[in-house]
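Residues per chain are reported as follows:
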Amino acid sequence: MSFPQRRMRRLRSSTALRKLLQETTLATSDFIMPLFLVQGHDIKEKINAMPGQYHYSLDKLEGVIHEIISLGIKAVLLFGSAQEKDELGSSAWDSQGITQRGIKKIKEIAPEIVVITDLCLCAYTEHGHCGVLKDHVIDNDASLESLCKVAISHAQAGADFVAPSDMMDGRVRAIRQVLDDSGYTATGIISYSTKFASGFYGPFREAADSAPQFGDRQSYQMQPANSREALLESLLDEQEGADMLMVKPALAYLDIVKEIRENTLLPLVCYNVSGEYSMIKAAVERGWIDEKKVVTESLLGMKRAGADLIITYYAMDVARWLREDA
Ligand code: PBG
């Protein structure tokens, strides 16, 4: 049947009908809020490239954690910054490091919140790469040893999930093994399983001070043009024991989200990264777009493509909007 018998606009004719027929929805429990932790006291410092986001010292976490909880958000993703960087990135596995102390602090403030940690070396190495450098090449298997040490230190501190973001081969298997061997069978792995070498991480690298000092990340992160490889990357991490998979960035890769969704039964996360956030902020500041509309549209796109969970710097704003609209 087609026009004039079929009239699609019949189903769009009132707010109530539109609500009844809404196929995809956003819920506060869909969102994971990233937090940037720094050394020092009494610090809540604006991140220039990411308006509305802050660096927090641990003594300033209480306020924001209580706010996150009261908004109904269930999970945070922690990024620590290094006190000192070295060739290996060894402060990444310091039991007294900022991430490790941050995990403990957050669990003291709110034991019920799900604490996920970004597991990578790039913020801790002098060269800013995500692995161990040998003769100007990132050595995969040597990197695994370091990543395992970081994983143990985060688990020891009480992280619920570690989220390896380095894109080394075999890291999920190695981390699962070392966690199990050390008795941390309850600590999960959310793998950044399909992560592209993307220009959309620009603002984050300022926030985390993690830009590579030479070259780029193309020998370990994926090239944007490839979708079969994107699926294989995630399926391999599933086989290696990841509890959840992830696509990163989100907006330019929604076809990949959909493809992986159709090929796994694991929960799928997508990361609405810093560049995606800051582009919207910049246009909003100029009065060019409506922030709430554009953010809601973007996040609905990610859910529609098949994401179960979304890591987004907008988590707290969206939670507020959802509450206002309820
Ligand atoms: C660390 C890491 C990065 C991001 C998350 N974890 C940067 C990178 O890979 O260069 C990016 C997050 C964002 O842009 O919001 N490897």
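Here's a quick rundown of the structure. All values derive from a computational prediction rather than experimental measurement. (Residues numbered from 1 in each chain as written. Predicted model: local features only at pLDDT ≥ 70, side-chain atom pairs only at ≥ 80, totals over all residues. Heavy atoms only, no water.)

1. Focus on the overall build of the protein chain
Assigned secondary structure in the protein chain consists of eleven helices and 13 strands. On C-alpha atoms alone, the protein chain measures out to a radius of gyration of 20 Å, which is about the 20 Å that the 2.2 N^0.38 rule sets for 326 residues. Oriented by its inertia axes, the alpha-carbon framework of the protein chain measures out at about 70 × 45 × 40 Å. For the protein chain, with 326 residues in total, the buried portion stands at 53%. A separation threshold of at least 6 residues defines the contact pool for the protein chain, and within that pool the share at least 24 residues apart is 74%. Carbon and sulfur atoms provide 50% of the accessible area of the protein chain, an area that totals close to 15,400 Å². Looking at charge distribution, the protein chain has the averaged site of its 36 positive side-chain charges lying 11 Å from that of its 45 negative ones. (Helix = DSSP H or I, 4+ residues; strand = E, 2+ residues; numbered from the N terminus. Rg over C-alpha atoms; globule rule 2.2 N^0.38 Å. Buried < 20%, exposed > 50% of the residue type's maximum accessible area, 1.4 Å probe, protein only. Contact = heavy atoms within 4.5 Å. Areas by Shrake-Rupley, 256 points an atom, 1.4 Å probe, with all protein chains shown as cover. Lys, Arg positive; Asp, Glu negative; His and termini not counted. Charge placed at Lys NZ, Arg CZ, Asp CG, Glu CD.)

2. Digging into the pairing of strand β13 (residues 309-312)
Two elements, strand β1 (residues 31-38) and β13, share two bridges in a ladder whose sense is parallel. Pairing of Ile32 across the sheet is with Ile311, part of β13. (Pairing = 2+ DSSP bridges.)

3. Some words on helix α8 (residues 254-261)
Those residues of α8 not exposed but buried are Ile256, Val257 and Ile260. The buried side chains of α8 occupy one side of the element, clustering within an arc of 105° when seen end-on. Next to the buried residues of α8 lie β10 (194-195), α7 (228-240), β11 (245-248), β12 (268-272) and α10 (291-305). (Arc of directions from axis to C-beta.)

4. Notes on the site of the ligand
Near the ligand lie 19 residues; those nearest to it are Lys195, Arg205, Lys248, Ser274 and Tyr313. Lys195 is positioned such that a nitrogen or oxygen atom in its side chain is 2.6 Å from an oxygen atom of the ligand. Residues of the shell around the ligand, tallied by class, amount to eleven nonpolar, three polar and five charged. (Near = heavy atom within 4 Å. Polar contact = N/O pair within 3.5 Å; in protein donor to acceptor, adjacent residues only side chain to side chain. Nonpolar A, V, L, I, M, F, W, Y, C, P; charged D, E, K, R; others polar.)

5. Re unusual backbone geometry
Look at the link from Phe3 to Pro4: it is a cis peptide, with omega at 15°. Locating Pro4 in the fold gives a position in the segment before α1 (15-20). Cis rather than trans, the peptide bond between Lys248 and Pro249 has omega equal to -10°. Along the chain, Pro249 turns up in the loop between β11 and α8. The phi torsion at His136 lies on the positive side, around 65°, for a residue other than glycine.

6. Here's the deal with a positive patch on the surface
There is a patch of like positive charges on the surface, built from Arg6, Arg7, Arg9, Arg10 and Arg12. By the secondary structure assignment, Arg9 is in the segment before α1. Overall, Arg9 belongs to the exposed group, its relative accessible area being 67%. (Patch = residues over 30% accessible without salt bridge, like charges linked within 9 Å, V, L, I, M, F, W, Y side chains within 5 Å. Salt bridge = Lys/Arg side-chain N within 4 Å of Asp/Glu carboxyl O.)

7. Things to note about the packing of aromatic side chains
Enumeration according to the criterion identifies eleven aromatic pairs in this entry. Judged by centre distance (6.1 Å) and plane angle (40°), the ring pair of Tyr192 and Tyr271 falls under tilted. With Tyr192 in the loop between β9 (188-189) and β10 and Tyr271 in strand β12, this pair connects stretches of sequence that are 79 residues apart. This pair shows no difference in class: Tyr192 is buried, exactly as Tyr271 is. Put simply, the rings of Phe36, Phe79, Tyr192, Phe204, Tyr271, Tyr277, Tyr313, Tyr314 and Trp321 touch in pairs and so form one group of aromatic residues. Lys248 extends its terminal NZ or CZ atom over the ring of Tyr271, reaching a point 5.0 Å from the ring centre. (Phe/Tyr/Trp six-rings, centres within 6.5 Å; stacked < 30°, edge-to-face > 60°. Lys NZ or Arg CZ within 6 Å of the ring centre and 35° of its normal.)

8. Let's talk about helix α3 (residues 98-109)
A rise of 1.5 Å per residue sets the reference length of α3, with its twelve residues, at 16 Å; its end C-alpha atoms lie 16 Å apart and thus fit the reference within 8%. Taken together, the buried positions of α3 are occupied by Ile98, Thr99, Gln100, Gly102, Ile103, Ile106, Lys107 and Ile109. (Expected span 1.5 Å × (residues − 1).)

9. Examining the side chain of His55
Mapping His55 onto the fold places it in strand β3 (residues 54-57). At 2.7 Å, the side chain of His55 and the backbone oxygen of Ala207 are in polar contact. If near-sequence neighbours (up to four positions away) are discounted, His55 is found in contact with Phe36, Val38, Ile43, Lys44, Glu45, Ile47 and Ala207.

10. As for the packing of helix α2 (residues 61-71) against α3
Orientation of α2 relative to α3, taken along the N-to-C sense of each, is 55°, at an axis distance of 10 Å. Considering the angle they form, α2 stands oblique to α3. Relative to α3, α2 is oriented so that their crossing is right-handed. Only Lys105, Ile106 and Ile109 of α3 make contact with α2, whose side of the interface consists of Leu61, Glu62, Ile65 and His66. Each residue belonging to the contact of α2 with α3 can be placed in one class, and the counts come to four nonpolar, one polar and two charged. (Axes fitted to C-alpha atoms, helices over the stretch in contact; angles between N-to-C directions. Parallel < 35°, antiparallel > 145°, perpendicular 65-115°, else oblique. Left-handed = near helix turned anticlockwise from the far one by under 90°.)

11. Some details on the pairing of strand β8 (residues 161-164)
Along any regular strand, the residues point their side chains to alternate faces of the sheet. Residue alternation in β8 divides its side chains into two sets, Phe161 and Ala163 and Val162 and Pro164, and both sets are buried. Relative to β8, strand β5 (residues 114-119) runs parallel, the two being bridged by four bridges. Paired with Thr117 across the two strands is Val162, which belongs to β8. For β8 and β9, the ladder comprises two bridges, and the chain directions are parallel. Paired with Val162 across the bridge in β9 is Ile189. Between β8 and its parallel partner β9, the chain crosses via helix α5 (residues 171-181), and the hand of that crossover is right-handed. (Right-handed = clockwise from strand over helix to strand, strands pointing away.)

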